[in-house]
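Each chain, letter by letter, is given below.
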Amino acid sequence: MSDQPDSPRPDSPQASHSAPIVSLQDYRQSRDPLPVTFHRKELDSILWIYGRMVGEGEWRDYAIDHLKDRAVFSVFKRSGELPLYRIEKDPKLAAKQGTYSVIHTSGRVLKRGHELAQVLKIFDKKLKLVE
């Protein structure tokens, strides 16, 4: 008699009760959800404002970060500095203050809302009458 426990032979019917096969892609998505991203229309709106501000000499560089919990579009005066503004999309805040926000370099939230177009209006400049 052997000291080893009885294990089913690979060709026996008992051996077919092994763990189910799961595709690697399904496993990764269940474990690590996809990051939050800006959709095409959102990026179009943001880049339109960015282009206008570059034309006015206000902004010179940008960065886009797609994180697990939010997407961030950062704008810079110079690339080696802290961002002047961050435009953030945080889906967890959709039912509360709003998904979109504009945050100043100091960390202060300048505007927050449910619609990106409304939030981006903070960058609209008031026309001044010059005499």
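Scroll up a little and you will see the structure.
What comes next concerns the included structure. Owing to the predicted nature of the structure, the values given are computational and were not obtained by experimental measurement.

Procedures and definitions
Residues numbered from 1 in each chain as written. Predicted model: local features only at pLDDT ≥ 70, side-chain atom pairs only at ≥ 80, totals over all residues. Heavy atoms only, no water. Helix = DSSP H or I, 4+ residues; strand = E, 2+ residues; numbered from the N terminus. Buried < 20%, exposed > 50% of the residue type's maximum accessible area, 1.4 Å probe, protein only. Contact = heavy atoms within 4.5 Å. Areas by Shrake-Rupley, 256 points an atom, 1.4 Å probe, with all protein chains shown as cover. Pairing = 2+ DSSP bridges. Axes fitted to C-alpha atoms, helices over the stretch in contact; angles between N-to-C directions. Patch = residues over 30% accessible without salt bridge, like charges linked within 9 Å, V, L, I, M, F, W, Y side chains within 5 Å. Salt bridge = Lys/Arg side-chain N within 4 Å of Asp/Glu carboxyl O. Core = buried A, V, L, I, M, F, W, Y, C linked by side-chain atoms within 4.5 Å.

### A short note on the overall build of the protein chain
In step 1: Within the protein chain, the regular secondary structure consists of three helices and five strands.
In step 2: Written out in order from the N terminus, the α and β elements of the protein chain read α-α-β-β-β-β-β-α.
In step 3: Counting every position in the protein chain, which comprises 131 residues, the buried fraction comes to 24%.
In step 4: For the protein chain, the proportion of contacts with a sequence separation of at least 24, taken over those separated by at least 6, is 30%.
In step 5: Split by element, the accessible area of the protein chain, about 10300 Å² in all, is 53% carbon and sulfur.

### Focus: the sheet that holds strand β3 (residues 85–89)
In step 1: Strand order in the open sheet formed by five strands is β1-β2-β3-β4-β5, with antiparallel pairing between adjacent strands. Edge strands, defined here as strands with exactly one partner in the open sheet, are β1 (61–66) and β5 (109–113). Across the sheet, the mean angle from the axis of one strand to that of its neighbour is 15 degrees, orientation sign disregarded.
In step 2: Inspection of the sheet shows β1 paired to strand β2 (residues 71–76) by six bridges, in the antiparallel sense.

### Some points on a nonpolar patch on the surface
In step 1: Taken together, Leu47, Tyr62 and Ile64 make up a surface patch of nonpolar side chains, about 230 Å² in accessible area.
In step 2: Turning to its location among the elements, Tyr62 is positioned in strand β1.
In step 3: Owing to a relative accessible area of 35%, Tyr62 belongs among the partly exposed residues under this scheme.

### Some thoughts on the nonpolar core
In step 1: Residues Ile46, Trp59, Phe73, Ile87, Leu120 and Phe123 are the most contacted members of the largest nonpolar core, which totals 17 residues.
In step 2: For this core, the secondary-structure elements that each account for two or more residues are α2 (40–55), β2, β4 (100–104) and α3 (116–120).
In step 3: Ranked by residue count, the leading element in this core is α2, at four residues.
In step 4: Excluding residues that lie within four positions of it along the chain, Leu120 makes contacts with Ser45, Ile46, Ile49 and Ile87.

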